[in-house]
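Summary of structural features
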Amino acid sequence: MAQLLTDAEIQSQVSRLSGWTVEGSKLHTTRSFKDFIAAMEFVKKLVEPAESSGHHPDIGISYNKVNITLTTHDAGGLTQKDFDLAEVISQIN
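What counts and how
Residues numbered from 1 in each chain as written. Predicted model: local features only at pLDDT ≥ 70, side-chain atom pairs only at ≥ 80, totals over all residues. Heavy atoms only, no water. UniProt positions renumbered as here; feature names shortened; annotations may be inferred. Pairing = 2+ DSSP bridges. Helix = DSSP H or I, 4+ residues; strand = E, 2+ residues; numbered from the N terminus. Axes fitted to C-alpha atoms, helices over the stretch in contact; angles between N-to-C directions. Buried < 20%, exposed > 50% of the residue type's maximum accessible area, 1.4 Å probe, protein only. Contact = heavy atoms within 4.5 Å.

Where an unreviewed UniProt entry is consulted, the protein chain appears under the name Putative pterin-4-alpha-carbinolamine dehydratase, with the organism given as Anabaenopsis elenkinii CCIBt3563. The annotation that UniProt attaches to the protein chain under Sequence similarities (unreviewed entry) is "Belongs to the pterin-4-alpha-carbinolamine dehydratase family."

This is the structure:
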């Protein structure tokens, strides 16, 4: 099982991620697109990195907005896996 990060480690890592916030024991971002189709195209691009890492985000779609939440459920909070995947997601257009 992945090791939970300390509050200091979490703050250090989230400060390096543009557009991500920590909400309780979760890492969150919202991405906006021109329309629903563009939002869905973005979501499809998340499949490969999530599968490759064996770590899957919680995703909510509302027309042109995609809400992404990361947490390591089996560890009960934030681990390095969450920040690694957030970094990959941040690079996807």
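Now that the structure has been shown, the text picks up again.
1. Examining the sheet that holds strand β3 (residues 58–62)
Spatially, β1-β2-β4-β3 is the arrangement adopted by the four strands of the open sheet, whose pairing is antiparallel. Across the chains shown, the open sheet's two edge strands, defined by having one partner strand only, are β1 (21–23) and β3. For this sheet, the mean angle separating the axes of adjacent strands, direction not counted, is 25 degrees. Sheet topology places strand β2 (residues 26–32) next to strand β4 (residues 65–70); six bridges connect them, and they run antiparallel.

2. A word on the environment of His 28
Following the sequence through the fold, His 28 ends up in strand β2. Its relative accessible area of 15% is what places His 28 among the buried residues. Each C-alpha atom, one on His 28 and one on Ala 86, is 8.9 Å from the other, the two residues being 58 residues apart in sequence. Beyond its immediate stretch of four places on either side in the chain, His 28 contacts Gly 19, Trp 20, Thr 21, Glu 23, Asn 67, Ile 68 and Thr 69.

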